[in-house]
Amino acid sequence: MAANDQEVIFNDKLDKEIRIEPKDWMPDNYRKTLIRQISQHAHSEIIGMQPEGIWITKAPTLKRKATLLAKVQDEAGHGLYLYAAAETMGISREEMNMQLITGKAKYSSIFNYPTLTWADMGTIGWLVDGAAIMNQVPLCRTSFGPYARAMVRVCKEESFHQRQGFEILLTLCRGSKEQKQMAQDSLNRWWWPSLMMFGPNDDNSPHSAQSMKWKIKRFSNDELRQKFVDICVEQAKILGLTIPDPDLKWNEEKQHYDFGTINWEEFNQVISGNGPCNKERMQVRKTAHEEGQWVREAALAYAKKQQERNKKAA
């Protein structure tokens, strides 16, 4: 079949909301875009374990320790689902890992900020996981089948994480004056980086237009960011916290909240590797990869031995 005919079939599937599967013909750039997006998503889940993982032993109660441990475990699972989805595109897990370790691949800028207090565990759940949900729920309808199916479970678990984080903050805000101030300080530090999670403004986003044409994305960066702000303002009122944006106000005409200008220079610096914790996060990941080498080798050797035994038995 000619390439033009295959492209017609591909576009027809998109128009009819038929998912593209790994064995289907697809444009090279569609495949490359998906590998980049899915692998970066997987990297973000794995790196995202670090800022929360350090608080497992410092959580204030046994219940908090157990729930935080379960959350970090969920994030490891999300990375696994996503790496598996990316592998269906023809890239190996090892190659993706090396892209991350060498700095060739990116991950979400939000995970390069430090977690300074217990309140950060609540704010990450509320804002960071909340922003992730806003981004990821539309991906349950993305055009690539394995990615869409992986996102169904991921979004269910992220929704639980978001509620867990909000409950942590609500408990702090109903506690002592010092506890509420801790929550406010955490919100002050995480608000703007959370807005950056949606990516550059639409005018400056190099991939958004094509991704929406291919139905990989369903909404633009600015649409999702606006929806996120509108929801968070109302949730902050329940907590009794103040969003750190003097320009935040309701726009009656637009029926949305106006908000201040994001510091895109900070965003670009963090993405480029110059954030507060970039080097720390990458060093931890490199060390874990190196120290886990013997486990990977042992697993491969065992699998090979089992395969040989099965051949002899057959």
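See the structure above.
Peer 1: Can you walk me through the overall build of the chain in this structure?
Peer 2: A count of helical and extended segments in the chain gives 13 helices and 2 strands. Relative to its length of 314 residues, the chain is compact, with a C-alpha radius of gyration of 21 Å against a globular reference of 20 Å. For the C-alpha atoms alone, the extent of the chain along its principal axes is close to 70 × 50 × 30 Å. In the chain, once contacts between residues fewer than 6 apart in sequence are set aside, the share between residues at least 24 apart is 76%. Summed over all atoms, the accessible surface of the chain reaches about 16,400 Å², with 55% contributed by carbon and sulfur. Separation between the mean location of the 43 positive side-chain charges and that of the 40 negative ones in the chain comes to 6 Å.

Peer 1: Help me understand the layout of surface pockets in this model?
Peer 2: Any space left empty among the atoms is revealed by the rolling of a water-sized probe across them. Roughly 1,100 Å³ of internal volume is contained in the largest pocket. For the largest pocket, the lining is made up of 43 residues, of which Q37, Q40, M197, F198 and G199 are closest to its centre. Those elements giving two or more residues to the lining of the largest pocket turn out to be α2 (28-47), α6 (119-136), α7 (145-173), α9 (208-213), α10 (221-239) and α11 (264-274). Residue classes in the lining of the largest pocket are distributed as 18 nonpolar, 16 polar and 9 charged.

Peer 1: Hey, could you run me through helix α12 (residues 278-291) in this one?
Peer 2: Given 3.6 residues to a turn, an α-helix orients residues that are three or four positions apart in the same direction. Taking 1.5 Å per residue, 14 residues should reach 20 Å; α12 reaches 20 Å between its end C-alpha atoms and fits that length. Along α12, the residues that are buried comprise N278, R281, M282, R285 and H289. Taken end-on, α12 shows its buried residues confined to a sector of 95°, consistent with a single buried face. In α12, the exposed positions angled more than 90 degrees off the buried face are occupied by K279, E290 and E291.

Peer 1: What am I meant to see in the nonpolar core here?
Peer 2: Nonpolar side chains in soluble globular proteins tend to end up buried together. Core analysis: the biggest nonpolar cluster contains 76 residues, and Y30, W126, W191 and F228 have the highest contact counts within it. No other element matches the 10 residues that α7 contributes to this core. Once residues within four sequence positions are removed from consideration, W126 is found in contact with Q162, G165, F166, L169, L187, C232, Q235, A236 and L239.

Peer 1: How do you make sense of the environment of I168 when you look at a structure like this?
Peer 2: Examined against the element boundaries, I168 turns out to sit in helix α7. I168 sits 42 residues away from W126 along the chain, and the two C-alpha atoms are 9.0 Å apart. Residue contacts for I168: discarding those within four places in its chain leaves R64, W118, M121 and G122.

Peer 1: Help me understand the pattern of salt bridges in this model?
Peer 2: Close approach of charged atoms lets side chains of opposite charge pair. Here the structure, examined in full by the defined rule, presents 16 salt bridges. Across the pair K13 and D24 runs a salt bridge, and its minimum N-O distance is 3.2 Å. In this pair, K13 is assigned in helix α1 (residues 3-15) and D24 in the loop between α1 and α2, connecting sequence segments 11 residues apart. Across the pair R64 and E167 runs a salt bridge, and its minimum N-O distance is 2.7 Å. With R64 in helix α4 (residues 62-87) and E167 in helix α7, the pair connects residues that are 103 residues apart, well separated along the chain. For E167, a relative accessible area of 35% corresponds to the partly exposed category.

Peer 1: Before we go on, may I ask you to explain unusual backbone geometry in this structure?
Peer 2: Among all residues save glycine, negative phi is the norm, and among peptide bonds the norm is trans. Even without being glycine, K215 reaches a positive phi, approximately 65°. Counting through the fold element by element, K215 comes out in the loop between α9 and α10.

Peer 1: Before we go on, may I ask you to explain helix α5 (residues 93-101) in this structure?
Peer 2: Regarding α5, the residues found buried are M96, N97, Q99, L100 and I101. The inward-facing, buried residues of α5 contact α2, α4 and α12. After α5 finishes, the residue G103 shows a positive phi value of roughly 85°.

Peer 1: Before we go on, may I ask you to explain the state of the cysteines in this structure?
Peer 2: Here is the idea: a disulfide is a covalent bond, and it sits between the sulfur atoms of two cysteines. Counted under the stated rule, the structure contains 0 disulfides. Among the cysteines around C173, which has no disulfide bond, C232 carries the closest sulfur, lying 14 Å off.

Peer 1: Before we go on, may I ask you to explain the packing of α4 against α5 in this structure?
Peer 2: The relative placement of two packed helices comes down to the angle between their axes together with the axis-to-axis distance. At their nearest, the axes of α4 and α5 sit 9 Å apart, and the two run at 115° to each other. One finds that α4 runs roughly perpendicular with respect to α5. Considering how the two elements wind past one another, α4 and α5 form a crossing that is right-handed. Where α4 abuts α5, its residues L80, Y83, A84, A86 and E87 lie against R93, M96, N97 and L100. Its residues assigned to classes, the contact of α4 with α5 shows 6 nonpolar, 1 polar and 2 charged.

Analysis parameters
- Residues numbered from 1 in each chain as written.
- Predicted model: local features only at pLDDT ≥ 70, side-chain atom pairs only at ≥ 80, totals over all residues.
- Heavy atoms only, no water.
- Helix = DSSP H or I, 4+ residues; strand = E, 2+ residues; numbered from the N terminus.
- Rg over C-alpha atoms; globule rule 2.2 N^0.38 Å.
- Contact = heavy atoms within 4.5 Å.
- Areas by Shrake-Rupley, 256 points an atom, 1.4 Å probe, with all protein chains shown as cover.
- Lys, Arg positive; Asp, Glu negative; His and termini not counted.
- Charge placed at Lys NZ, Arg CZ, Asp CG, Glu CD.
- 1 Å grid on protein atoms, 1.4 Å probe; cavity = no way out; pocket = protein on both sides within 12 Å on 5 of 7 lines; lining within 4 Å.
- Points joined across faces, edges and corners; volume = space filled by probe spheres on them.
- Nonpolar A, V, L, I, M, F, W, Y, C, P; charged D, E, K, R; others polar.
- Expected span 1.5 Å × (residues − 1).
- Buried < 20%, exposed > 50% of the residue type's maximum accessible area, 1.4 Å probe, protein only.
- Arc of directions from axis to C-beta.
- Core = buried A, V, L, I, M, F, W, Y, C linked by side-chain atoms within 4.5 Å.
- Salt bridge = Lys/Arg side-chain N within 4 Å of Asp/Glu carboxyl O.
- Disulfide = S-S within 2.5 Å.
- Axes fitted to C-alpha atoms, helices over the stretch in contact; angles between N-to-C directions.
- Parallel < 35°, antiparallel > 145°, perpendicular 65-115°, else oblique.
- Left-handed = near helix turned anticlockwise from the far one by under 90°.

Purely spatial values, then, with no claim about function.
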